[in-house]
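Single-letter residue listing:
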Amino acid sequence: AQSVAQPEDQVNVAEGNPLTVKCTYSVSGNPYLFWYVQYPNRGLQFLLKYITGDNLVKGSYGFEAEFNKSQTSFHLKKPSALVSDSALYFCAVRDGDTGFQKLVFGTGTRLLVSP
Amino acid sequence: NAGVTQTPKFQVLKTGQSMTLQCAQDMNHEYMSWYRQDPGMGLRLIHYSVGAGITDQGEVPNGYNVSRSTTEDFPLRLLSAAPSQTSVYFCASSYSATAISGNTIYFGEGSWLTVV
(Lines give C-alpha, C1' and ligand atoms only; values in the text may rest on other atoms or scores of the structure.)
Protein backbone atom coordinates (compact mmCIF):
# COMPACT_ATOMS: atom_id res chain seq x y z
CA ALA A 1 0.00 0.00 0.00
CA GLN A 2 1.09 3.54 -0.70
CA SER A 3 1.39 6.18 1.99
CA VAL A 4 2.72 9.68 2.49
CA ALA A 5 3.72 11.42 5.70
CA GLN A 6 3.98 15.16 6.19
CA PRO A 7 5.39 15.38 9.72
CA GLU A 8 4.75 19.09 10.26
CA ASP A 9 1.26 20.52 10.52
CA GLN A 10 2.64 24.02 10.16
CA VAL A 11 5.88 25.67 9.07
CA ASN A 12 6.67 29.27 9.93
CA VAL A 13 9.30 31.24 8.06
CA ALA A 14 10.20 34.90 7.64
CA GLU A 15 9.97 36.47 4.22
CA GLY A 16 13.26 36.23 2.37
CA ASN A 17 14.42 33.15 4.27
CA PRO A 18 14.65 29.70 2.70
CA LEU A 19 11.78 27.31 3.34
CA THR A 20 11.48 23.52 3.48
CA VAL A 21 8.27 21.50 3.70
CA LYS A 22 8.96 17.86 4.48
CA CYS A 23 7.47 14.74 2.91
CA THR A 24 8.33 11.05 3.22
CA TYR A 25 6.68 8.26 1.29
CA SER A 26 6.19 4.52 1.09
CA VAL A 27 5.39 2.57 -2.09
CA SER A 28 6.16 -0.95 -3.21
CA GLY A 29 7.17 0.00 -6.76
CA ASN A 30 8.69 3.07 -8.35
CA PRO A 31 7.40 6.23 -6.69
CA TYR A 32 5.76 8.98 -8.69
CA LEU A 33 5.72 12.02 -6.40
CA PHE A 34 3.78 15.27 -6.58
CA TRP A 35 3.42 18.56 -4.72
CA TYR A 36 0.24 20.59 -4.80
CA VAL A 37 -0.61 23.95 -3.20
CA GLN A 38 -4.03 25.08 -1.98
CA TYR A 39 -4.88 28.73 -1.36
CA PRO A 40 -7.88 29.58 0.86
CA ASN A 41 -11.22 28.48 -0.61
CA ARG A 42 -9.53 27.33 -3.81
CA GLY A 43 -8.72 24.04 -5.49
CA LEU A 44 -5.37 22.30 -5.58
CA GLN A 45 -2.78 23.69 -7.95
CA PHE A 46 -0.02 21.49 -9.31
CA LEU A 47 3.49 22.63 -8.37
CA LEU A 48 5.86 19.91 -9.53
CA LYS A 49 6.38 16.18 -9.92
CA TYR A 50 9.08 13.55 -9.91
CA ILE A 51 8.67 10.64 -12.29
CA THR A 52 12.22 9.72 -13.22
CA GLY A 53 15.54 11.41 -14.00
CA ASP A 54 17.24 14.18 -12.03
CA ASN A 55 16.67 14.05 -8.31
CA LEU A 56 16.19 17.83 -8.16
CA VAL A 57 12.92 18.86 -9.73
CA LYS A 58 12.03 22.47 -10.48
CA GLY A 59 8.43 23.63 -10.53
CA SER A 60 6.13 26.62 -10.52
CA TYR A 61 6.58 29.86 -8.52
CA GLY A 62 10.28 29.17 -7.81
CA PHE A 63 9.68 25.97 -5.89
CA GLU A 64 11.83 22.88 -6.20
CA ALA A 65 11.92 19.46 -4.60
CA GLU A 66 14.63 16.92 -4.02
CA PHE A 67 13.95 13.21 -4.43
CA ASN A 68 16.01 11.08 -2.06
CA LYS A 69 15.49 7.38 -2.64
CA SER A 70 17.57 6.16 0.30
CA GLN A 71 15.66 8.36 2.74
CA THR A 72 12.34 7.92 0.89
CA SER A 73 11.85 11.67 1.01
CA PHE A 74 10.64 14.37 -1.37
CA HIS A 75 11.02 17.68 0.47
CA LEU A 76 9.72 20.89 -1.07
CA LYS A 77 12.08 23.87 -1.01
CA LYS A 78 12.32 27.49 -2.01
CA PRO A 79 15.44 29.65 -1.61
CA SER A 80 13.60 32.84 -0.62
CA ALA A 81 10.04 32.76 0.78
CA LEU A 82 7.36 35.30 -0.11
CA VAL A 83 4.35 36.28 1.99
CA SER A 84 2.22 35.16 -0.97
CA ASP A 85 3.60 31.61 -0.56
CA SER A 86 1.45 31.25 2.56
CA ALA A 87 -0.90 28.36 1.81
CA LEU A 88 -1.59 24.68 2.46
CA TYR A 89 0.82 22.29 0.77
CA PHE A 90 0.13 18.65 -0.03
CA CYS A 91 2.55 15.92 -0.97
CA ALA A 92 1.13 12.97 -2.93
CA VAL A 93 2.44 9.66 -4.25
CA ARG A 94 1.36 6.83 -6.47
CA ASP A 95 2.93 3.56 -7.46
CA GLY A 96 4.24 4.08 -10.98
CA ASP A 97 4.54 0.44 -11.85
CA THR A 98 1.01 -0.87 -11.69
CA GLY A 99 -2.61 -0.02 -11.93
CA PHE A 100 -4.44 3.18 -12.55
CA GLN A 101 -3.96 6.74 -11.45
CA LYS A 102 -4.69 6.78 -7.73
CA LEU A 103 -2.90 9.51 -5.83
CA VAL A 104 -2.46 9.09 -2.09
CA PHE A 105 -2.15 12.40 -0.26
CA GLY A 106 -0.46 13.47 2.92
CA THR A 107 -2.38 15.39 5.56
CA GLY A 108 -1.01 18.72 4.42
CA THR A 109 1.38 21.31 5.85
CA ARG A 110 0.33 24.90 6.38
CA LEU A 111 3.07 27.35 5.45
CA LEU A 112 2.97 30.78 7.07
CA VAL A 113 5.42 33.38 5.77
CA SER A 114 5.66 36.48 7.94
CA PRO A 115 6.63 39.90 6.57
CA ASN B 1 -9.97 26.22 -21.96
CA ALA B 2 -12.07 25.86 -18.79
CA GLY B 3 -10.17 22.86 -17.33
CA VAL B 4 -12.07 21.02 -14.60
CA THR B 5 -15.37 22.69 -13.69
CA GLN B 6 -17.36 21.84 -10.58
CA THR B 7 -20.83 22.96 -9.56
CA PRO B 8 -22.19 24.03 -7.15
CA LYS B 9 -19.40 25.73 -5.21
CA PHE B 10 -21.42 25.86 -1.97
CA GLN B 11 -24.40 23.78 -0.86
CA VAL B 12 -26.28 23.19 2.39
CA LEU B 13 -28.33 20.00 2.65
CA LYS B 14 -30.62 18.55 5.25
CA THR B 15 -29.95 15.05 6.54
CA GLY B 16 -31.57 12.50 4.26
CA GLN B 17 -31.69 14.71 1.18
CA SER B 18 -30.02 13.65 -2.04
CA MET B 19 -28.03 15.77 -4.43
CA THR B 20 -25.59 15.60 -7.30
CA LEU B 21 -22.25 17.37 -7.55
CA GLN B 22 -21.43 18.06 -11.16
CA CYS B 23 -17.98 17.78 -12.71
CA ALA B 24 -17.00 18.46 -16.29
CA GLN B 25 -13.67 18.67 -18.10
CA ASP B 26 -13.00 19.91 -21.59
CA MET B 27 -9.51 18.44 -22.04
CA ASN B 28 -10.55 15.01 -23.39
CA HIS B 29 -9.09 13.41 -20.27
CA GLU B 30 -9.46 9.69 -19.89
CA TYR B 31 -9.25 9.60 -16.10
CA MET B 32 -11.61 11.39 -13.70
CA SER B 33 -12.00 11.08 -9.97
CA TRP B 34 -13.64 12.50 -6.86
CA TYR B 35 -11.84 13.26 -3.60
CA ARG B 36 -13.08 14.60 -0.30
CA GLN B 37 -10.97 16.84 1.91
CA ASP B 38 -11.37 16.81 5.67
CA PRO B 39 -9.27 18.67 8.27
CA GLY B 40 -6.20 16.70 9.32
CA MET B 41 -6.91 13.90 6.86
CA GLY B 42 -5.71 15.24 3.55
CA LEU B 43 -7.63 14.18 0.46
CA ARG B 44 -9.23 10.76 0.20
CA LEU B 45 -10.36 9.09 -3.01
CA ILE B 46 -14.10 8.40 -3.24
CA HIS B 47 -14.60 7.02 -6.78
CA TYR B 48 -12.71 7.11 -10.02
CA SER B 49 -13.24 6.38 -13.71
CA VAL B 50 -10.74 5.26 -16.34
CA GLY B 51 -13.04 5.98 -19.27
CA ALA B 52 -16.65 6.36 -20.34
CA GLY B 53 -18.76 3.57 -18.92
CA ILE B 54 -16.09 2.44 -16.42
CA THR B 55 -16.08 3.38 -12.74
CA ASP B 56 -14.55 1.93 -9.59
CA GLN B 57 -14.45 2.56 -5.87
CA GLY B 58 -11.75 4.42 -4.06
CA GLU B 59 -10.90 4.56 -0.37
CA VAL B 60 -14.19 6.00 0.96
CA PRO B 61 -17.04 5.11 -1.45
CA ASN B 62 -19.90 4.45 0.99
CA GLY B 63 -22.85 6.81 0.56
CA TYR B 64 -21.81 7.96 -2.91
CA ASN B 65 -22.62 6.88 -6.45
CA VAL B 66 -21.00 7.86 -9.72
CA SER B 67 -21.51 7.30 -13.42
CA ARG B 68 -19.50 8.14 -16.52
CA SER B 69 -21.80 8.24 -19.53
CA THR B 70 -19.54 10.62 -21.46
CA THR B 71 -15.82 11.38 -21.45
CA GLU B 72 -16.50 14.95 -20.29
CA ASP B 73 -18.80 14.45 -17.29
CA PHE B 74 -18.41 12.61 -13.99
CA PRO B 75 -21.21 13.48 -11.52
CA LEU B 76 -21.09 12.45 -7.86
CA ARG B 77 -24.40 11.57 -6.23
CA LEU B 78 -25.09 11.62 -2.52
CA LEU B 79 -27.94 9.18 -2.02
CA SER B 80 -29.09 10.17 1.49
CA ALA B 81 -26.93 12.92 2.96
CA ALA B 82 -25.49 12.50 6.44
CA PRO B 83 -23.62 15.01 8.64
CA SER B 84 -20.49 12.86 8.20
CA GLN B 85 -20.54 13.85 4.53
CA THR B 86 -19.93 17.49 5.40
CA SER B 87 -16.70 18.11 3.54
CA VAL B 88 -15.01 19.79 0.62
CA TYR B 89 -15.26 17.76 -2.56
CA PHE B 90 -12.77 17.93 -5.40
CA CYS B 91 -13.09 16.55 -8.88
CA ALA B 92 -9.86 15.75 -10.70
CA SER B 93 -8.84 14.54 -14.13
CA SER B 94 -5.83 13.34 -16.07
CA TYR B 95 -5.10 12.64 -19.72
CA SER B 96 -4.13 9.03 -19.16
CA ALA B 97 -5.64 6.60 -16.69
CA THR B 98 -2.59 4.43 -16.23
CA ALA B 99 -0.27 5.18 -13.34
CA ILE B 100 2.84 4.50 -15.39
CA SER B 101 2.05 7.39 -17.73
CA GLY B 102 3.27 9.94 -15.22
CA ASN B 103 0.55 12.35 -16.28
CA THR B 104 -0.37 15.12 -13.88
CA ILE B 105 -3.79 15.06 -12.23
CA TYR B 106 -5.59 18.43 -12.36
CA PHE B 107 -8.17 19.54 -9.81
CA GLY B 108 -11.33 21.61 -9.91
CA GLU B 109 -11.99 24.51 -7.56
CA GLY B 110 -13.95 22.43 -5.07
CA SER B 111 -17.51 22.14 -3.76
CA TRP B 112 -18.15 23.02 -0.12
CA LEU B 113 -20.96 20.84 1.22
CA THR B 114 -22.60 21.16 4.64
CA VAL B 115 -25.14 18.59 5.85
CA VAL B 116 -27.26 19.74 8.79
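Residues numbered from 1 in each chain as written. Chains lettered and ligands numbered in written order. Predicted model: local features only at pLDDT ≥ 70, side-chain atom pairs only at ≥ 80, totals over all residues. Heavy atoms only, no water.

### Topic: the overall build of chain A
Then, number 1: Along chain A, the regular secondary structure elements total zero helices and 12 strands.
Then, number 2: Reading the helices (α) and strands (β) of chain A from amino to carboxyl end gives β-β-β-β-β-β-β-β-β-β-β-β.
Then, number 3: Here the C-alpha atoms of chain A give a radius of gyration of 14 Å, agreeing with the 13 Å that 2.2 N^0.38 yields for 115 residues.
Then, number 4: Overall size of chain A, expressed as C-alpha extent along the three principal axes, is 45 × 30 × 20 Å.
Then, number 5: Here chain A holds 115 residues, and the buried ones make up 45% of them.
Then, number 6: If you take every contact in chain A between residues at least 6 apart in sequence, the share linking residues at least 24 apart comes to 57%.
Then, number 7: For chain A, the accessible area works out to roughly 5300 Å², and carbon and sulfur atoms hold 49% of it.
Then, number 8: For chain A, the distance from the average position of its 10 positive side-chain charges to the average position of its 9 negative side-chain charges is 5 Å. (Helix = DSSP H or I, 4+ residues; strand = E, 2+ residues; numbered from the N terminus. Rg over C-alpha atoms; globule rule 2.2 N^0.38 Å. Buried < 20%, exposed > 50% of the residue type's maximum accessible area, 1.4 Å probe, protein only. Contact = heavy atoms within 4.5 Å. Areas by Shrake-Rupley, 256 points an atom, 1.4 Å probe, with all protein chains shown as cover. Lys, Arg positive; Asp, Glu negative; His and termini not counted. Charge placed at Lys NZ, Arg CZ, Asp CG, Glu CD.)

### Description of the interface of chain B and chain A
Then, number 1: Taken together, the contact between chain B and chain A spans 27 residues of the former and 25 residues of the latter.
Then, number 2: Summing the contributions of chain B and of chain A, the shared interface buries around 2100 Å²; its carbon and sulfur component is 56%.
Then, number 3: Scanning the region where chain B abuts chain A turns up one salt bridge.
Then, number 4: One salt bridge connects Arg42(A) with Glu109(B), and the closest N-O pair in it is separated by 2.5 Å.
Then, number 5: At the junction of chain B with chain A, the criterion picks out seven residue pairs in polar contact (both at pLDDT 80 or more).
Then, number 6: Ranked by residues supplied to the side of chain B that touches chain A, first place goes to strand β5 (residues 42-51) of chain B with five residues. (Buried area = accessible area lost by both parts, 1.4 Å probe. Salt bridge = Lys/Arg side-chain N within 4 Å of Asp/Glu carboxyl O. Polar contact = N/O pair within 3.5 Å; in protein donor to acceptor, adjacent residues only side chain to side chain.)

### Digging into the packing of aromatic side chains
Then, number 1: Applying the stated criterion across every chain yields a total of 16 aromatic pairs over all chains.
Then, number 2: Ring plane angle 70° and centroid distance 6.0 Å describe the contact between Tyr36(A) and Phe46(A), whose orientation is recorded as edge-to-face. Note that Tyr36(A) is positioned in strand β5 (residues 31-38) and Phe46(A) in strand β6 (residues 44-50), a separation of 10 residues in sequence.
Then, number 3: On the basis of relative accessibility, which here comes to 24%, the residue Phe46(A) falls in the partly exposed class.
Then, number 4: Taking the centre distance of 6.0 Å and the plane angle of 50° together, the rings of Tyr36(A) and Phe105(A) count as tilted. In this pair, Tyr36(A) is assigned in strand β5 and Phe105(A) in strand β11 (residues 104-105), connecting sequence segments 69 residues apart.
Then, number 5: Residue class for Phe105(A) comes out buried when judged on its relative accessible area of 7%.
Then, number 6: Taken together, the ring pairs in this structure connect Phe34(A), Tyr36(A), Phe46(A), Phe90(A), Phe105(A), Tyr35(B) and Phe107(B) into an aromatic cluster. (Phe/Tyr/Trp six-rings, centres within 6.5 Å; stacked < 30°, edge-to-face > 60°.)

### Structural notes on the state of the cysteines
Then, number 1: Using the criterion set out here, one finds two disulfides over all chains in the structure.
Then, number 2: The disulfide partner of Cys23(A) is Cys91(A), and the S-S distance across this bridge is 2.0 Å. Taking the sign of the S-S torsion, -60° for the link of Cys23(A) and Cys91(A), the bridge is left-handed. You can see Cys23(A) sitting in the loop between β3 (19-21) and β4 (24-26) and its partner Cys91(A) sitting in strand β10 (residues 87-95), a full 68 residues away along the chain.
Then, number 3: Judged by relative accessible area, which is 0%, Cys23(A) ranks as buried.
Then, number 4: The residue that forms a disulfide with Cys23(B) is Cys91(B), at a sulfur-sulfur distance of 1.8 Å. Measuring the twist about the S-S bond at about -75°, one finds the Cys23(B)-Cys91(B) disulfide to be left-handed. Separated by 68 residues along the polypeptide, Cys23(B) in strand β3 (residues 19-25) and Cys91(B) in strand β9 (residues 87-94) bring together distant segments of the chain.
Then, number 5: On the basis of relative accessibility, which here comes to 2%, the residue Cys23(B) falls in the buried class. (Disulfide = S-S within 2.5 Å.)

### Overview of the nonpolar core
Then, number 1: With 28 residues, the main nonpolar core has Trp35(A), Leu47(A), Leu48(A), Phe74(A), Leu76(A) and Tyr89(A) as its most contacted residues.
Then, number 2: Listed by contribution, the elements that provide at least two residues to this core are β2 (10-14), β3, β5, β6, β8 (64-68), β9 (73-78), β10 and β12 (109-114) of chain A.
Then, number 3: Among the elements that take part in this core, β10(A) stands out by supplying four residues, more than any other.
Then, number 4: If we ignore the near neighbours within four places in the chain, the residues touching Leu76(A) are Leu19(A), Thr20(A), Val21(A), Trp35(A), Leu47(A), Leu48(A), Phe63(A), Glu64(A), Ala65(A) and Tyr89(A).
Then, number 5: Leu103(A), Phe105(A), Phe107(B) and Trp112(B) belong to the second largest nonpolar core, which has 22 residues in total. (Core = buried A, V, L, I, M, F, W, Y, C linked by side-chain atoms within 4.5 Å.)

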